[in-house]
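The primary structure of each chain is shown beneath.
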Amino acid sequence: MPYIALIIEDVTINKWEIIEEVVIFGRSKDSDIQIDDQSVSSKHARIVVEEDPFLEGQKHYYLEDLKSTNGTQVNDRLIKKQKLSNEDSLKIGFTQFKFVDSKNNHLDETAVIVD
């Protein structure tokens, strides 16, 4: 099961499995992943899970910024919406996370076209 890991000084402090179709990051108490950081908006970003229309059982995970004040980063790049891959680094405010989906088969990365 894919999960989000809270990373502090290269150590995983906490993990949240992604079991819902939408996971909200923010300072608000009703966020799925609450972040106690003044640089984080009350509803800062979200992960959206989408079924692959062509591969049964395959899911894709997207991180989307919710028009936050300070932005959302994936692998040190500001994003509006970004498809996530295993081991991607996420930064929300000053808080560092990692997306882990080691069971994803990454077919889109290994496709070979044969003549």
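Use the structure listed above.
What you are looking at is a predicted structure, and each value in this text was computed from that prediction instead of being measured.

Trainee: How do you make sense of the overall build of the protein when you look at a structure like this?
Mentor: Per the secondary structure count, the protein includes one helix and 11 strands. Burial status across the protein gives 42% buried among its 115 residues. When contacts within the protein are restricted to residue pairs at least 6 apart in sequence, long-range pairs at least 24 apart make up 32% of them. Of the roughly 7700 Å² that the protein leaves accessible, carbon and sulfur atoms contribute 47%.

Trainee: Sorry if this is basic, but what is going on with unusual backbone geometry here?
Mentor: Glycine aside, a negative phi is what most residues show, and trans is what most peptide bonds show. Even without a glycine there, the phi angle at D10 is positive, about 65 degrees. Structurally, the position occupied by D10 is in the loop between β1 (3-8) and β2 (11-17). The class of D10 is exposed, set by a relative accessible area of 78%. Backbone geometry at K67 places phi at a positive 55 degrees, although glycine is not the residue there. Within the secondary structure, K67 is located in the loop between β6 (59-65) and β7 (72-74).

Trainee: Please explain the side chain of D37 as it appears in this structure.
Mentor: Looking at the secondary structure, you find D37 in the loop between β4 (33-34) and β5 (45-51). Among buried charged residues, D37 stands out as having no salt bridge; its nearest opposite-charge side chain is R27, 7.4 Å away. A polar contact of 2.8 Å, which involves the side chain of D37, links it to the backbone nitrogen of F94.

Trainee: For this particular structure, what's the right way to read the packing of aromatic side chains?
Mentor: The description of an aromatic ring pair uses the distance of the two centres, along with the angle that the planes make with each other. In total, this model carries three aromatic pairs according to the counting rule given. On the basis of an interplanar angle of 65 degrees and a centroid distance of 5.4 Å, the ring pair of F25 and F97 is categorised as edge-to-face. With F25 in strand β3 (residues 22-26) and F97 in strand β11 (residues 95-100), the pair connects residues that are 72 residues apart, well separated along the chain. For the ring pair Y61 and F99, a centre distance of 5.5 Å and an interplane angle of 45 degrees mean the geometry is tilted. Taken as a pair, Y61 in strand β6 and F99 in strand β11 lie far apart in primary sequence, 38 residues in all. Of the two residues, Y61 and F99, neither departs from the other in class, the shared state being buried. What links up through ring pairs into an aromatic cluster is the set W16, F25 and F97. Positioned above the aromatic ring of Y62, the side-chain terminus of K81 is 5.1 Å from the ring centre.

Trainee: Mind showing me how you'd approach the sheet that holds β3 here?
Mentor: Pairing between sheet strands relies on hydrogen bonds along the backbone, with the strands arranged either parallel or antiparallel. Pairing is mixed in the open sheet, where five strands are placed in the order β4-β3-β5-β6-β9. Only two strands of the sheet have a single partner each, and these edge strands are β4 and β9 (81-83). Judged from the four bridges that link them, β3 and β5 form a sheet pairing that is antiparallel. The partner of V23 across the bridge, within β5, is I47.

Trainee: Mind showing me how you'd approach the environment of E9 here?
Mentor: For E9, the position within the fold is in the loop between β1 and β2. Along the backbone, E9 and Q96 are 87 residues apart, and their C-alpha atoms lie at a distance of 9.2 Å.

So, how was this worked out
- Residues numbered from 1 in each chain as written.
- Predicted model: local features only at pLDDT ≥ 70, side-chain atom pairs only at ≥ 80, totals over all residues.
- Heavy atoms only, no water.
- Helix = DSSP H or I, 4+ residues; strand = E, 2+ residues; numbered from the N terminus.
- Buried < 20%, exposed > 50% of the residue type's maximum accessible area, 1.4 Å probe, protein only.
- Contact = heavy atoms within 4.5 Å.
- Areas by Shrake-Rupley, 256 points an atom, 1.4 Å probe, with all protein chains shown as cover.
- Lys, Arg positive; Asp, Glu negative; His and termini not counted.
- Salt bridge = Lys/Arg side-chain N within 4 Å of Asp/Glu carboxyl O.
- Polar contact = N/O pair within 3.5 Å; in protein donor to acceptor, adjacent residues only side chain to side chain.
- Phe/Tyr/Trp six-rings, centres within 6.5 Å; stacked < 30°, edge-to-face > 60°.
- Lys NZ or Arg CZ within 6 Å of the ring centre and 35° of its normal.
- Pairing = 2+ DSSP bridges.

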